[in-house]
Every structure is written in C-alpha cells, then in structure tokens.
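Okay, here's what each chain looks like letter by letter:
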Amino acid sequence: RVSAPMPLASYARDASGILHFPGTPFLRSFKKPVPPQDLSEGQDSFVDKAEDMGSSVDPILQALRSVDLRISEEIHFLSYRNNLNKIMETPYNTRDPWCINLRRSGGTVYLDVVKLPERSTQSDADRKKFTYWGYKFEQVCTEQKDAADKDVNANEEFCSVFKISIGSSRIVLAAEIDCATNPGGGEGERGYVELKTSRVIEHPRQRENFERNKLLKFWIQSFLGGVPQICCGFRDDYGEIQEVQMIKTLEIPRMVRGKRNMWDPATCLDFTSRLLESIRTVTQESKAYQLNYAPPFTHVTMHEVDSRQLD
C-alpha cells in the first residue's frame, strides 16, 4: 500500500547557496529539446556542486516552518528522497554499497544522507564529463532565454517537500525537481518532469542493461517524487544528443514486465515497507544508528552509534 505524494511545502537554493521559501519562483519550465544538442559546450565554465552543501535536513524543517507546519509524532520518518531511492533499489542492487545515518527524536526517525567514496572505474576526467553532460541536458531542456550564455551551475535547485505513506509508515520527503510543464500552476497541476541522459542503444545487450538498471532507477526516483514523466536524452560517446524520448513513470513497470532478468516494483515496495517497519520497531528515542548495505550484498545491517559522530 502506497499513497500518492501530498505536497506540503517547497524551497529553492540559488547559485550562491542561499535558500528561498517557497521555492516555486525558481522552478524551471520544461522545453523538449530538438536533437542534435551538444552537451559538451561550456564545460570549461561549469560550477560543480559545492562540497560543503551538507546533508542536514534543516532546509526541509525550514520549508515546513515557512508554511506553519511542524513534525508531529504521526510522522514516522523524515528524509531526502535519495535515501529512499537506495532502500527501494536494494533487492536488485548487487554492486553499490550505501550507508544512512538515523536519529530518532520526538517519535520521528530522521534519515541523513551519507556520501561514500566513489567506487567507479571511470577516470576522474570521464566522471566530470558525464556529470557535466547531465547538468547541461537540464539546461537545454528548460526555458531560459539566456541559456546559451549562462554558465551551468549545479548548486541551483528546486525541492518539493511532501508526505507519502509506504505500508504503515508515514514519511515526509524532500525531492529535487528538475522542471515542470506548468511551473506556475497550483499543487498537483505543475506537471513535474525528471530529466535524464543515457547512451544511445545500439544492440540488444544495451537495451537489456538500460531496462534492468536505468529504468529501475528512473522509476523509483520519479515514483517516489510524484513526477509523472521523464525526458530521456540519448547521447553518443561525444556528448551529442541523438534522440529524445518521453517516458511516463507509471508505464515503466509494464515496459519490463515478463522479460528475463528484470525487476518487479512490488518487490521493491514490499522490501521498503518491511525495512521501515523494522527500523521503527528497533530504534529508541534520542538514540542514533547507522544503516549499512555492503558486500557481499546479502543483507542490511543496523547498529547504534554515538550521536556525536553524526554531528
């Protein structure tokens, strides 16, 4: 049992790192790009995400206070969507470890993002290149009259704060939203759009990998955030967009259903529901814990830690 996201508040972070409440004036308008598009243009002036942005949930709490809302005991969890992405993907994840810090206060468990060291086999130059291509695609997909002359800045973001239920757990989540078809509309009328890039598919093995791995991540991220559609730009090895495809989030499970070595959304949701219920049962008030998923990728572990380690 999963409820549809119920919007509560929003915030935005500008290029200087300053927070704005509400964030709706900063929500960008979606414009479907026409290929070809060169994603390498402007990379020399790219402003990457600042390392000191932190993983604190304070912006979420500030956004709630800005609309006179407070976290009550009826809310079991408060988190950024990234943590739930990791948890939901776990049943099919056999290569990417993750770690989440937990703090229980006032009956609510707060989930803090933990950034682990990169395990990628890519060179640093390739990692930076692929990161830039993703942000550049976001720029070319949004209505900005001066986009061609504007540097790409990864620190700019709009976040929606909403309530969702998974199983018996009630959760307040914050999710970064790339853009919307109607950014000036009311709650539920904005038509949020997630922007993704992927390599062009040239043979069946690549198609299978895309459906088994990328579509799973696409579905989890957009499903949790109440984002109805995804715009995926398929690029070549030189960063040029060759094809653009619109994908409806709720149709993704049907795209993989019945295929060999694929995934089942019910498995992801059932695992998430059971893990959240277990966390609620085990954690104690005013105590801190760490949740880990690591090789050999057979189970999730949780142990108590000194709360001062999480500060």
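Residues numbered from 1 in each chain as written. Predicted model: local features only at pLDDT ≥ 70, side-chain atom pairs only at ≥ 80, totals over all residues. Heavy atoms only, no water.

Looking at the layout of surface pockets
Okay, step 1: Taken as a whole, the second largest pocket holds about 370 Å³ of empty space.
Okay, step 2: Looking at the second largest pocket, it is lined by 22 residues, and the ones nearest its centre are Pro5, Gly225, Gly226, Val227 and Pro228.
Okay, step 3: Residue composition of the lining of the second largest pocket, grouped by class: 11 nonpolar, eight polar and three charged. (1 Å grid on protein atoms, 1.4 Å probe; cavity = no way out; pocket = protein on both sides within 12 Å on 5 of 7 lines; lining within 4 Å. Points joined across faces, edges and corners; volume = space filled by probe spheres on them. Nonpolar A, V, L, I, M, F, W, Y, C, P; charged D, E, K, R; others polar.)

Quick word on the pairing of strand S13 (residues 288–293)
Okay, step 1: For S13, a buried count of five out of six residues is recorded, marking the element as mostly surrounded by other parts of the structure.
Okay, step 2: Pairing of strand S5 (residues 98–105) with S13, which is carried by six bridges, proceeds in the antiparallel orientation. Along S13, the bridge assignment pairs Cys99 with Asn292.
Okay, step 3: Linking two consecutive strands that pair antiparallel, namely S13 and strand S14 (residues 300–305), is a turn of six residues; a positive phi of about 60 degrees is found at Phe297 within it. (Buried < 20%, exposed > 50% of the residue type's maximum accessible area, 1.4 Å probe, protein only. Helix = DSSP H or I, 4+ residues; strand = E, 2+ residues; numbered from the N terminus. Pairing = 2+ DSSP bridges.)

A short note on the packing of aromatic side chains
Okay, step 1: Applying the stated rule across the entire model yields 11 aromatic pairs.
Okay, step 2: A ring pair is formed by Phe46 and Tyr135, whose centres lie 5.7 Å apart and whose planes are at 35 degrees; its orientation type is tilted. On the criterion of sequence distance, the pair formed by Phe46 in the loop between strand S3 (37–38) and helix H1 (58–66) and Tyr135 in helix H3 (residues 124–140) is long-range, its members being 89 residues apart.
Okay, step 3: The class for Phe46 is buried, based on a relative accessible area of 18%.
Okay, step 4: Put simply, the rings of Phe46, Tyr132 and Tyr135 pair up and form one aromatic cluster. (Phe/Tyr/Trp six-rings, centres within 6.5 Å; stacked < 30°, edge-to-face > 60°.)

Examining the packing of helix H2 (residues 81–89) against helix H4 (residues 204–225)
Okay, step 1: For the pair H2 and H4, interaxial distance at closest approach is 10 Å and the crossing angle is 135 degrees. The orientation of H2 with respect to H4, classified from their angle, is oblique. Our pair here, H2 against H4, has a crossing hand that is right-handed. On H4, the residues touching Arg81, Leu84, Asn85, Met88 and Glu89 of H2 are Leu216, Lys217, Trp219, Ile220, Gln221, Leu224 and Gly225. (Axes fitted to C-alpha atoms, helices over the stretch in contact; angles between N-to-C directions. Parallel < 35°, antiparallel > 145°, perpendicular 65-115°, else oblique. Left-handed = near helix turned anticlockwise from the far one by under 90°. Contact = heavy atoms within 4.5 Å.)

A short note on unusual backbone geometry
Okay, step 1: The peptide bond linking Phe21 to Pro22 adopts the cis configuration, its omega dihedral lying at -5 degrees.
Okay, step 2: Its identity is not glycine, yet Asp68 carries a phi of approximately 60 degrees, on the positive side.
Okay, step 3: Despite not being glycine, Phe297 shows a phi value in the positive range, around 60 degrees.
Okay, step 4: Following the sequence through the fold, Phe297 ends up in the loop between S13 and S14.
Okay, step 5: By relative accessible area, which is 14% here, Phe297 ends up buried.

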